[in-house]
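Single-letter residue listing:
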Amino acid sequence: MTSTILLRGGRVIDPANGLDEVLDVRVAGGIIAEIGEGLSDENARVIEAAGLLVLPGFVDLHSHLREPGFEHKGTIATETMASLRGGFTTICAMPNTEPAPDSESVVKALLEIIKRDAKCRVLPIGATTRGRAGKQIAELSELAAAGVVAFSDDGSPVADAMLMRNALLLAGQLGIPISEHSDDPVLHGSGVMNEGRVSERLGLPGEPAAAEITAIARNIALAETTGAHLHIAHVTTARGVELVAEAKARSLRVTAEVTPSHLFLTENAIFGPGPEPLYDTNARINPPLRTEADRLALLRGLNEGTIDAIATDHAPHALQDKLCEFDQASPGISCAETALGTVMTLVARGELDLHMAIAALTSNPARIFNIERHFPGAGSLSVGVAADITLVDPAARWTVDPGSFVSKGQNTPLGGVELTGAVRAVLLAGEIAWEVAND
C-alpha cells in the first residue's frame, strides 16, 4: 500500500513547469496528486517543508557503479544508495564495467542486477565500440532495443575519426545520443594532471588543454556532418565551452555537461593548501582539474545555458587505488554525496544561479537523454507523474567526512571542507526512500 504524504510550505522550484513558489505538495498513490496552497489530507503524513527547497528528483547523466567486474570499488547497491543520499532519483550508469555493455545479453544481465539491487532508478549507457576498444562499432541497434539511453566508451575516447563518424550516423538513425569523452590520446600522452604552472612546480607530466579542445572541435564537426546528437561529457576548458556555444549558435545537436568537481575545484587541489606539495591523489581525475580561469568559464557557461547539465562523474575507488604515487593513482572522485553541497555552496557564494543549477540537475538532463521514454515525468514535478522529489535545506552547513559516505569510495579531496546546502529527504515513486534521521 502506497503512502500519502503532504509536503507543507516548502519553496517548490520546478524548471520544467516554470514554477518557483511557496506551496504544498500532496503525494498519493505514488504520484504527485496536487500542488497548491493550503492543501490538506487527514490521512497523510505531513512533512513540514518551511525553509526547504522542494525539487524534482535529480537526474545524473554520468555515474560509475563499478558492477559488474569491479565490486571492490563499488556495487550497484552501494553506489545507488550514495546517489540517493545525494538527491539523485535517476542515474545513468557508465559502461566501464567488465564485461562492458556492448551487447544485448550483457545489458539484459545488467538490468537484472539493477532490478534486484538498485536503490534508485538506473538506466544503462551502452558501449559505442566493442569492448570499449575503439576498433569496431558495437551492435548499437541491439543495445537500443535492450534499453540503453546513450552510447559511450566513457574514459576511452573514440580516436578513429571515421569510426566515430559512422557511430554517430548509426546513433542518429536510432535517435540516441553519443556521450563522448573528448580527448586526443596522442596529445594527452602520459599526462596525469593539467599541463601548466602547477604541473611544472610538482614535476608531474601534464595533459594540455588542447587535448580536449581539438577533440571537441573534431566531434562537433562530425556531429554537423551526420546530424546526430553529440553530448560532450565533462567539459573542462574555457575554449571547450566556447566551441559548444558556437555549435549551439549554429543549431547543431550538441549538448554538454560539467561535473561539480570542475565547477568547485582547480588544479591547486592537487598541491594542497600548505607550503609543501601534498600530491593529493584524491584530486586526480580524468579529464583533469584545470585553472581558475577555466573554472570561471564553466560557471559562466552554466549560468548562460551553454552547458546543459551538471553530471557527477561519480567514480568510487578502493583505498589502495589512491594510496600510491600520484601518476599511479586511479583517476576519479567519489562525489555523489557531495555534489549538491558543492553546487549550493557556489550558489551561496553568488557564483552560480540557483534556477540554472536546479535545471541542470533536473529537467535538462532528463531532456538530453530523453529519460521520459523510460520514466515519464522524470526531472519534473508535474501533477500525475511519479513523485520523485528531493528536499533540500539550502542553509545547512556541514563538513565533509569521507568516513561517513555510504559509497564504497571515500576518495574525495573535500574531506574537512565546509559546504552549504544539504539533502534532507528523498521521495522515490511516492515513498520516502531516504531521510535525515531525527535527533
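What you see is a predicted model; the values in this text were computed from it and never measured.

Q: Sorry if this is basic, but what is going on with the state of the cysteines here?
A: Each disulfide consists of a covalent bond between the sulfur atoms of two cysteine residues. In total, this model carries zero disulfides according to the counting rule given. Summary of cysteine pairing: Cys-335 is not part of a disulfide, and the nearest cysteine sulfur, belonging to Cys-120, is at 14 Å.

Q: Before we go on, may I ask you to explain the pattern of salt bridges in this structure?
A: A side chain with one charge can pair with a side chain of the opposite charge if their charged atoms come near. Scanning all chains against the criterion turns up 22 salt bridges. In this structure, Asp-321 engages Lys-73 in a salt bridge whose closest nitrogen and oxygen atoms are separated by 2.7 Å. Of this pair, Asp-321 sits in the loop between β14 (309–310) and α12 (339–348) while Lys-73 is found in the loop between β6 (58–63) and α1 (76–85), placing the two residues 248 residues apart along the sequence. A residue is classified by how much of its surface remains accessible, and Asp-321, at 13% relative accessible area, is buried. Classification of Lys-73 by relative accessible area gives buried; the value is 9%. For Glu-207, the salt bridge identified is with Arg-290, shortest N-O distance 3.4 Å.

Q: What is the right way to read unusual backbone geometry from this model?
A: In most cases, non-glycine residues show a negative phi, while peptide bonds are predominantly trans. Geometrically, the link from Glu-67 to Pro-68 is a cis peptide bond, its omega value of 10° lying close to zero. Residue position: Pro-68 is located in the loop between β6 and α1. A cis amide bond links Asn-286 with the next residue in sequence, Pro-287, at an omega value of 5°. Tracing the backbone through its elements, the reader meets Pro-287 in the loop between α10 (268–271) and α11 (292–304). Here Arg-132, not a glycine, exhibits a phi torsion of approximately 55°, which is positive. Structurally, the position occupied by Arg-132 is in the loop between β8 (121–124) and α3 (140–146). Here Ala-429, not a glycine, exhibits a phi torsion of approximately 50°, which is positive. Position of Ala-429 relative to the elements: it lies in the loop between β16 (418–428) and β17 (431–435).

Q: I'm lost on the sheet that holds strand β9 (residues 178–180) in this one. Help?
A: Within a sheet, neighbouring strands are paired by backbone hydrogen bonds and run either parallel or antiparallel to one another. Taking strand neighbours across the sheet as the criterion, the four strands line up as β9-β12-β13-β14 in an open arrangement whose pairing is parallel. Of all strands in the sheet, those with a lone pairing partner are β9 and β14, marking the two edges. The sheet contact formed by strand β13 (residues 254–258) and β14 spans two bridges and is parallel. The residue bridging Glu-257 from the neighbouring strand is Ala-309, located in β14.

Q: Quick question: what am I supposed to make of α12 here?
A: Spacing of three or four residues puts side chains on the same side of an α-helix, whose turn is 3.6 residues. Counting buried positions over the 10 residues of α12 gives nine, a clear majority of the element. Here α12 has its buried residues at Ala-339, Leu-340, Gly-341, Thr-342, Val-343, Met-344, Thr-345, Leu-346 and Val-347. At the C-terminal side of α12, Gly-350 shows a positive phi close to 85°.

Here is what the cut-offs are and how they apply
- Residues numbered from 1 in each chain as written.
- Predicted model: local features only at pLDDT ≥ 70, side-chain atom pairs only at ≥ 80, totals over all residues.
- Heavy atoms only, no water.
- Disulfide = S-S within 2.5 Å.
- Salt bridge = Lys/Arg side-chain N within 4 Å of Asp/Glu carboxyl O.
- Helix = DSSP H or I, 4+ residues; strand = E, 2+ residues; numbered from the N terminus.
- Buried < 20%, exposed > 50% of the residue type's maximum accessible area, 1.4 Å probe, protein only.
- Pairing = 2+ DSSP bridges.

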